[in-house]
Amino acid sequence: MRWRPFWNLVKLNIKITFGFSAWLYYFRKRDRRFWGGLGIFAIILISIAPLFYLYLRLVQETTRGLAGTGLESVIITSGAIIASILVLVLGIAYVISAFYFANDLDFLVSLPFKPAEILGGKYVGVLISEYLTIAPFFIPPVVVYGLNIDGGLFYWLFFALIFLFLPVIPLVFASLGVMVLMSLTNLGRKKDLLRLLGMILILVIVMVANFYLTRLPEGEEMEFIMGIMEDPEGLIAFTGRTYPPSIWITRALTAEGWGSRLINLLLFSGVSFLGFGVLMVGADRLFFQGLIGGQEISAGKKITPGLLEKKVRARNPIVSIAFKEIKILIRVPIYLFNSIFILIIAPIALFFPLIIGAGGVSIDEYIKLVDPELLFLGGVGFFGLMTLFGPALSSSISREGKLFRISQLIPIPPNQQLLGKILSGYLVSFLVIPIVFLAAILYIPWTLGEIILISLLGLLLSLPLMSFSLLLDLLRPYFTWQNPQQAIKQNMNVLFAMIGGFLFLAGLGWSSMQLLETGLSLGWVNFLIGVVSLILGGIIMLIMFRIAPSRYQNISV
Amino acid sequence: MIKLIEIKGLSKSYNRGEIKAVADLDLNVKSGEIFGFLGPNGAGKTTTIKMMVGLLKPDKGSVSIGGFDIKESPIEVKKRIGFVPDQPEVYEKLTGIEYLDFMADAYGVSREDRLPRMEKLLETFQMENSVYDLIQSYSHGMRQKIILIGSLLHEPEVIIMDEPMTGLDPRSSHALKEMMKEKCEEGKVMFFSTHVLEVAEKFCHRVGIINKGKLIALGTLEELQKVAQRRSSLENIFLELTGS
């Protein structure tokens, strides 16, 4: 790998990923979009501030609780592990999108760059994005610990270096896994499906490995826990089993004596450099194998009049829009993963510790402890939460990108197009019903009537969530993405829709519990949830329909 | 004259060989030549070009540019070519000048060399006034021009263009044609695909016609006229040979 071209590509990726050039340009031109960008940044900070504050308090309390036991340094290990696992898990989809589906790849491949240089440039772009992901999880424990022990200059210097290196290793693993997957699956027309299955397989392997690494010895759980609690090093070593570099990180910040700290820092940074080197060597061998496969074309079968009759179907424009949305969602692997498969992965990830019986308590025992009425409301809330997790609607207009021109040109009124999009959101939401069914069969003693009622209420609850998401995307669509992942992950509408929806669900949940406490029956509470959802959804849709015609006319792609 | 482009037995098929996009293509283009690559939609023009610039791996055969094989020495080949794709897709969030600077960096053009070249090309294609604007504000033709300028900054030996005239205004189109003549006088190769047969007829020293992945005609206009029954314009020859 040559450093100069690599550095040029890094600069390019930073400019286009974070839009620095555009920001500077808007500033020079005194364009109001400069302030718009700053405003959004401020809104994000304000939106996540309460959650961040709660997390900070939790870290502080945990550290206080552990103070004096000698075990408080384990919060750094935990922070490093959480951050690293996040980088690994979220990084898989991000890396696949940036390395293999970015718009500029054809262009870059035709330039005199080596595969490792192109991939290296993209890797650094993703790496910088990951700092934003890890910051809220890693900075608080280290800062709280540092303030408690009165860290000194070197502590903060080491922390800064560790922070810079923290996402390198997990992202190298994600990149290598993705590169191997893409080169092995570059096999003709079914490659997208194979790649999606591969992505899910990698995630399952990560989860299963995590489970086995953190499992307590069966039958001797208490003895084991007592054993590691007696020795701070033992607890760090046990916690760090999931991700051994987190042990070096902890020791680099907390070990007795600077010599030992320096050795651990060198070990961690050395392995990070080594990992990057391995990635570059792998990239030169594997990157183009998975990338240059050619755009496969269909078999070119001659369509007979009979077959044509079967294939061609006239549909209502709204249904037609909904079907178009679903087809694109399914056919672009990144969209399929983020919008549909997340509905399968998210519940598993959410309830994984319960499902595997972590902490020695099985999920059945947990469920027995919960009031059946709350469990029912939890089912409805879960439905709403799943609607929030899938960004199908909050990025629906943005995902069209430059092709939004077509939506502006076709003679389907914007309101009908938006209804089609909401319908597509509902088609995705229907996938939550089998999950609720499965939960009922496996763990929760819901009757068929309850499952139907939960599903109906869940679908009603989805209406304000979906229409709010779509309204946000209509108000400020993001069209200038470079790869499909950016259309979702760098789309602030997705984040705002999640925050807004979460606040609505939390408010509704809290109000429902208050009403139950006053003695109102569950039936009435359900009725009120349905009515509130319907009214709120209706109001948002009316606003959307009011502004849609002018938005469709005025949006410039 | 030196063969700057040498294509031997180039083949590419899809669907496990069911569709032959390009079949056993042999082609040489010498220095100082303007070569027009013609064919109906889906004939294999873009597939061939993609294999020439390293965007697609051939199933069989070889492509050599300036004596370097694309498979063995891809970087050496890419250094010698300037490529203008059919779709003017480019970094929207960069300004024109930032894009050109990046291209100059990519090809290792020194600051001393890039400045006069940029000035000349920007003036030729009338982009001086918009080069500091974000590319997202450019029209289709302006994007086409900024890509074209970017591909010429390193003064490549071989310029490969896929439908370069699409979207260009008459003045820019004229400028491009003049530039093509100038470059070929310098001994460089212009290889371009086009549907504008009039351009091919007037400017190309030789043309190749590809249909269903096979090169069905190759030569100067006079040579092609001898092959076709209706010995008239390139349009008639094209229609006759491609069975349109």
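In this text the structure is predicted, and so the values were computed from the model without any measurement.

## What to know about the overall build of chain A
Argument step 1. Counting secondary structure elements, chain A contains 25 helices and zero strands.
Argument step 2. Relative to its full complement of 557 residues, chain A shows a buried share of 39%.

## Considerations on the overall build of chain B
Argument step 1. The helix and strand inventory of chain B stands at nine helices and 10 strands.
Argument step 2. Relative to its length of 244 residues, chain B is compact, with a C-alpha radius of gyration of 18 Å against a globular reference of 18 Å.
Argument step 3. Overall size of chain B, expressed as C-alpha extent along the three principal axes, is 50 × 40 × 35 Å.
Argument step 4. Counting the 244 residues in chain B, one finds 49% classified as buried.
Argument step 5. Considering only contacts within chain B whose residues lie at least 6 apart along the sequence, 71% involve residues at least 24 apart.

## As for the interface of chain A and chain B
Argument step 1. Facing the 25 residues of chain A at the interface are 27 residues of chain B.
Argument step 2. Breaking the side of chain A that touches chain B down by element, the ones donating at least two residues are helix H1 (3-18), helix H2 (20-28) and helix H5 (105-109) of chain A.
Argument step 3. Counting residues per element, the side of chain A that touches chain B draws most heavily on H1 of chain A, at five residues.
Argument step 4. In the side of chain A that touches chain B, the residues fall into 12 nonpolar, eight polar and five charged.

## Things to note about the pairing of strand E8 (residues 189-193) of chain B
All names here are of chain B.
Argument step 1. Taken across its five residues, E8 has five buried, putting it largely inside the fold.
Argument step 2. Covered by surrounding structure in E8 are Val189, Phe191 and Ser193 together with Met190 and Phe192, the residues of both alternating faces.
Argument step 3. Alignment of strand E3 (residues 34-38) against E8, held across four bridges, turns out to be parallel. When the sheet's bridge partners are listed, Phe37 is paired in E8 with Ser193.
Argument step 4. Note that strand E7 (residues 158-162) and E8 share five bridges and pair parallel. Bridge assignment links Ile160 to a residue of E8, and that residue is Phe191.

## Some remarks on the domain arrangement of chain A
Argument step 1. Partitioning chain A into structural domains gives domain 1 (1-44), domain 2 (55-291) and domain 3 (317-554).
Argument step 2. The straight-line distance from the C-alpha centre of domain 1 of chain A to that of domain 3 of chain A is 32 Å.

## Some details on the packing of H1 of chain A against helix H6 (residues 115-149) of chain A
Residues and elements named next belong to chain A.
Argument step 1. For the pair H1 and H6, the least separation of the axes is 8 Å and the interaxial angle reads 40°. Relative to H6, the element H1 is oriented oblique. Here the hand of the crossing between H1 and H6 comes out right-handed. Across the interface between the two elements, Pro5, Phe6, Leu9, Val10, Leu12, Asn13, Ile14 and Thr17 from H1 touch Glu117, Ile118, Gly120, Gly121, Lys122, Val124, Gly125, Ile128 and Ser129 from H6.
Argument step 2. Tallied by class, the residues present in the contact of H1 with H6 amount to nine nonpolar, six polar and two charged.

## Description of helix H3 (residues 32-66) of chain A
Because an α-helix completes one turn every 3.6 residues, residues spaced three or four positions apart along the sequence face the same direction.
Argument step 1. Its 35 residues place the ends of H3 of chain A 50 Å apart at the C-alpha level, agreeing with the 51 Å of an ideal helix rising 1.5 Å per residue.
Argument step 2. Approximately 40° is the largest bend angle found in H3 of chain A, and it occurs at Ala49 of chain A, with the proline Pro50 of chain A only one to four residues beyond.

## A few points about the environment of Leu474 of chain A
Residue and element names in this part refer to chain A.
Argument step 1. With respect to the helices and strands, Leu474 occurs in helix H22 (residues 448-475).
Argument step 2. Measuring from C-alpha to C-alpha, the distance between Leu474 and Ile128 comes to 29 Å, with 346 residues separating the pair along the chain.
Argument step 3. For Leu474, the contacting residues outside a window of four places in its chain are Ile397, Met544, Ala548 and Arg551.

## Observations regarding the sheet that holds strand E5 (residues 68-69) of chain B
All names here are of chain B.
Argument step 1. Spatially, four strands are ordered E2-E1-E4-E5 in an open sheet, and the strand pairing comes out antiparallel. Both edges of this open sheet fall to strand E2 (19-30) and E5, since each of them pairs with a single strand only.
Argument step 2. Note: strand E1 (residues 3-14) against E2, eight bridges, orientation antiparallel. Counterpart to Leu10 in the pairing with E2 is Leu25.

## Let's talk about the packing of helix H21 (residues 432-442) of chain A against H22 of chain A
All names here are of chain A.
Argument step 1. It is the contact of H21 with H22, at a shortest axis distance of 10 Å, that shows an interaxial angle of 150°. The handedness of the crossing between H21 and H22 comes out as right-handed. Across from Val432, Ile433, Val436, Phe437 and Ala440 in H21, the residues of H22 making contact are Ile451, Ile454, Ser455 and Gly458.
Argument step 2. Split into classes, the residues belonging to the contact of H21 with H22 amount to seven nonpolar, two polar and no charged.

## Some words on unusual backbone geometry
All names here are of chain B.
Argument step 1. A positive phi angle, close to 45°, is found at Asp24, a residue other than glycine.
Argument step 2. Inspection of the secondary structure assignment puts Asp24 in strand E2.
Argument step 3. Residue Asp24 is classed as partly exposed on the basis of its 14 C-beta neighbours within 10 Å.
Argument step 4. Within the chain, Gln126 stands out as a residue other than glycine whose phi angle is a positive 50°.
Argument step 5. With respect to the secondary-structure elements, Gln126 resides in the loop between helix H4 (111-124) and helix H5 (140-152).
Argument step 6. Its 14 C-beta neighbours within 10 Å are what place Gln126 among the partly exposed residues.

## Notes on the nonpolar core
Argument step 1. By size, the foremost hydrophobic cluster in this structure holds 199 residues, and its most contacted members are Ile149, Ile160 and Phe191 of chain B.
Argument step 2. When residues in this core are grouped by element, the largest group, 16 residues, is from helix H4 (residues 74-100) of chain A.
Argument step 3. When neighbours within four sequence positions are excluded, Ile160 of chain B is seen to be in contact with Ile49, Met52, Val53, Ile81, Phe83 and Phe191 of chain B.

## Quick notes on the environment of Leu423 of chain A
Residues and elements named next belong to chain A.
Argument step 1. Mapped onto the elements of the fold, Leu423 is located in helix H20 (residues 414-429).
Argument step 2. Judged by the 18 C-beta atoms lying within 10 Å of it, Leu423 falls in the partly exposed class.
Argument step 3. Expressed as a C-alpha distance, the spacing of Leu423 and Met466, which sit 43 residues apart in the sequence, is 9.8 Å.
Argument step 4. Setting aside its immediate chain neighbours within four residues, Leu423 contacts Ile318, Val319 and Ala322.

## Digging into the sheet that holds strand E6 (residues 81-84) of chain B
The strands making up a sheet are joined through hydrogen bonds of the backbone, oriented either antiparallel or parallel.
All names here are of chain B.
Argument step 1. Strand order in the open sheet made by the six strands is E6-E7-E8-E3-E9-E10, with mixed pairing throughout. Where the open sheet ends on each side, the last strands, each with one partner, are E6 and strand E10 (214-219). When strand polarity is set aside, the average angle formed by the axes of neighbouring strands in this sheet is 15°.
Argument step 2. In the packing of helix H1 (residues 45-53) onto the sheet, the strands contacted are E3, E6, E7, E8 and strand E9 (206-211), and the crossing angle to E7 comes to about 145°.
Argument step 3. Docked against the sheet, helix H6 (residues 170-185) engages E3, E7 and E8, running at close to 140° with respect to E8.

## Details of H6 of chain A
Argument step 1. At Ile134 of chain A, H6 of chain A is bent by approximately 55°, the largest bend along its length, and proline Pro136 of chain A sits one to four residues beyond.
Argument step 2. With its phi angle positive at about 60°, Asp150 of chain A sits one or two positions after the end of H6 of chain A.

## Looking at the confidence of the model for chain B
Argument step 1. Taken as a whole, chain B shows an average pLDDT of 87; of its residues, 97% reach a score of 70 or greater.
Argument step 2. Across the predicted assembly, pTM comes out at 0.73 and ipTM at 0.71.

## Points about the environment of Gly120 of chain A
Residue and element names in this part refer to chain A.
Argument step 1. The topology assignment puts Gly120 in helix H6.
Argument step 2. Among the residues examined, Gly120 registers 25 C-beta atoms within 10 Å and is labelled buried.
Argument step 3. Residues Gly120 and Ile82, 38 residues apart in the sequence, show an inter-C-alpha distance of 25 Å.
Argument step 4. Residues contacting Gly120, with those up to four places away along its chain left out, are Met1, Phe6, Leu9, Met280 and Ala283.

Cut-offs applied
Residues numbered from 1 in each chain as written. Chains lettered and ligands numbered in written order. Predicted model: local features only at pLDDT ≥ 70, side-chain atom pairs only at ≥ 80, totals over all residues. Helix = DSSP H or I, 4+ residues; strand = E, 2+ residues; numbered from the N terminus. Buried ≥ 20, exposed ≤ 12 C-beta atoms within 10 Å, placed from the backbone. Rg over C-alpha atoms; globule rule 2.2 N^0.38 Å. Contact = placed C-beta atoms within 7 Å. Nonpolar A, V, L, I, M, F, W, Y, C, P; charged D, E, K, R; others polar. Pairing = 2+ DSSP bridges. Domains from an automatic or database assignment. Axes fitted to C-alpha atoms, helices over the stretch in contact; angles between N-to-C directions. Parallel < 35°, antiparallel > 145°, perpendicular 65-115°, else oblique. Left-handed = near helix turned anticlockwise from the far one by under 90°. Expected span 1.5 Å × (residues − 1). Bend = angle between axes of the 7 residues up to and from the residue. Core = buried A, V, L, I, M, F, W, Y, C linked by C-beta atoms within 7 Å. pLDDT = per-residue confidence, 0-100.

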